[in-house]
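Each chain, letter by letter, is given below.
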Amino acid sequence: MEHHQRSGIGNATILHYMLSWFRMPRNFEMTVWTSQIQQAMAIKYAVEHWRRSMPRGMGTLYWQINDCWPVASWSSIDSFGRWKALHYAAKHFFAPLLVSGLEDTAKGTVEIWVNSDKLEQVPVTVKWTVMKVSGEIIDSGTIGSSVGPMSAKKVRTLTLGRLVESKGAENLLVRLGLMHKGHEVSSNLVLFARPKQMELKDPSITCSITRRGDGFAAVLNAKHPALWAWLELKGLDARLSDNFVHLMPGKPVTIQINPSNQIPVSELKRRIRVRSLFNTF
């Protein structure tokens, strides 16, 4: 592993920043998964910042897309062609219509921004929900707006200082959803504390699988918020429509699974594993 690690400070740097943001993973396997989540979160935070700076910045490239051999590296696709957490995140933070939040923990505020890479004015609706880590909703609201062609717009600043003070920064989540033509085209999650400080509940994720098209539909539900929930298919390669998703109570998420080889539903159910940040420590 160290021979394949082409950065002399690579493994130590990964662990240093991981422990700054996340709890110590319970084993080597969970260290690998948590490092992927850490990378996805870091690049997402950076790209969203640069997208909000439009037109000063009109595009972002991250290093790197793929690898030529098995390695812990900067890539978002591994040497087998499998998507890592960053590549799934990139589908969202590079989306033509994007909602993002910029938190200020000291002030207890969240700036809500909408980005559009469309060439025309786009009417949108932003929905925001403040909840406890248990999933209990504390506050919510809806904002109607429109965003111009190839631009970024701050649509509102949420003032949540009293909630942060009374509930605790580590106990709050803010979910953002961007609606366009009746569909949620982008969503995001804002935290006031680093994940390692949050007392996450066991999300009790359930997964129901049915055949759909050339593959399968996996419907995920959670009793409590599940951060960065991911599917793993032991010994099976497949294309997933999404992964490392935030599950909220009452908001099921459907992930399309297209295995590289045709298998029965019973075989997929035997191989699939569903976990989230809660399971890493």
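For the structure itself, consult the block above.
Residues numbered from 1 in each chain as written. Predicted model: local features only at pLDDT ≥ 70, side-chain atom pairs only at ≥ 80, totals over all residues. Heavy atoms only, no water.

Our focus in this paragraph is the environment of Thr-31. Position of Thr-31 among the secondary structure elements: in helix H2 (residues 28–52). Sequence separation between Thr-31 and Leu-15 is 16 residues, and the spatial gap between their C-alpha atoms is 8.6 Å. Discounting residues that sit within four places of it in the chain, Thr-31 has contacts with Leu-15, Met-18 and Pro-25. (Helix = DSSP H or I, 4+ residues; strand = E, 2+ residues; numbered from the N terminus. Contact = heavy atoms within 4.5 Å.)

Now for the side chain of Asn-115. Following the sequence through the fold, Asn-115 ends up in strand S2 (residues 109–116). By relative accessible area, Asn-115 is classed as buried at 0%. Reaching out from Asn-115, the side chain makes a polar contact with the backbone oxygen of Arg-51 at a distance of 2.7 Å. Residues within four places of Asn-115 in sequence aside, it is in contact with Arg-51, Arg-52, Met-54, Pro-96, Leu-97, Leu-98, Ser-151 and Ala-152. (Buried < 20%, exposed > 50% of the residue type's maximum accessible area, 1.4 Å probe, protein only. Polar contact = N/O pair within 3.5 Å; in protein donor to acceptor, adjacent residues only side chain to side chain.)

To describe a pair of aromatic rings, one takes the distance between the centres and the angle between the planes. One pass over the full model with this rule turns up nine aromatic pairs. When the ring of Tyr-62 is compared with that of Phe-94, the centres are 6.4 Å apart and the planes differ by 10 degrees; the resulting orientation is stacked. Residue Tyr-62 is located in the loop between H2 and helix H3 (85–93), and its partner Phe-94 is located in the loop between H3 and strand S1 (97–104); the two are separated by 32 residues in the primary sequence. Taken together, the ring pairs in this structure connect Trp-33, Trp-83, Tyr-88, Trp-230 and Phe-244 into an aromatic cluster. Here the basic side chain of Arg-194 rests over the ring of Trp-21, its NZ or CZ set 4.0 Å away from the ring centre. (Phe/Tyr/Trp six-rings, centres within 6.5 Å; stacked < 30°, edge-to-face > 60°. Lys NZ or Arg CZ within 6 Å of the ring centre and 35° of its normal.)

Hydrogen bonding along the main chain pairs the strands of a sheet, whether they run parallel or antiparallel. Taken in spatial order, the four strands make up an open sheet running S8-S9-S13-S11, and their pairing is antiparallel. Both outer strands of the open sheet, strand S8 (206–212) and strand S11 (238–240), are each paired with one neighbouring strand and no more. This sheet shows a mean twist of 25 degrees between the axes of neighbouring strands, independent of strand direction. By the bridge criterion, seven bridges tie S8 to strand S9 (residues 215–221) in an arrangement that is antiparallel. Residue pairing in the sheet places Arg-211 in a bridge with Phe-216 of S9. (Pairing = 2+ DSSP bridges. Axes fitted to C-alpha atoms, helices over the stretch in contact; angles between N-to-C directions.)

Before going further, it helps to spend a moment on the nonpolar core. In this structure, Trp-228, Leu-231, Phe-244, Leu-247, Ile-257 and Leu-268 are the most contacted members of the largest nonpolar core, which totals 46 residues. For this core, the secondary-structure elements that each account for two or more residues are H2, H3, strand S7 (183–191), S9, strand S10 (226–233), strand S12 (245–247) and strand S13 (253–259). Excluding residues within four positions of it along the chain, Leu-268 makes contact with Ile-209, Phe-216, Leu-233, Leu-236, Ile-257 and Ile-263. Counting residues in hydrophobic clusters, the runner-up holds 25 residues, among them Val-130, Leu-158, Leu-163 and Leu-178. (Core = buried A, V, L, I, M, F, W, Y, C linked by side-chain atoms within 4.5 Å.)

Further remarks concern the sheet that holds S7. Spatially, S4-S3-S6-S7 is the arrangement adopted by the four strands of the open sheet, whose pairing is antiparallel. Each edge of the sheet is formed by a strand with only one pairing partner; in this case those strands are strand S4 (137–147) and S7. Ignoring which end each strand starts from, the neighbouring axes of this sheet average 20 degrees apart. Looking at chain direction, strand S3 (residues 122–132) and S4 are connected through 10 bridges and run antiparallel. From the neighbouring strand, Thr-125 faces S4, where its bridge partner is Gly-144.

Of note, the bond from Met-54 into Pro-55 is cis; its omega dihedral lies within 30 degrees of zero at 5 degrees. As for its position among the elements, Pro-55 is in the loop between H2 and H3. Note the cis peptide between Trp-63 and Gln-64, where omega equals 5 degrees. With respect to the secondary-structure elements, Gln-64 resides in the loop between H2 and H3. Even without a glycine there, the phi angle at Lys-181 is positive, about 55 degrees. Secondary-structure assignment places Lys-181 in the loop between strand S6 (172–180) and S7. Positive phi, normally seen in glycine, also occurs at Ser-204, with a value near 50 degrees.

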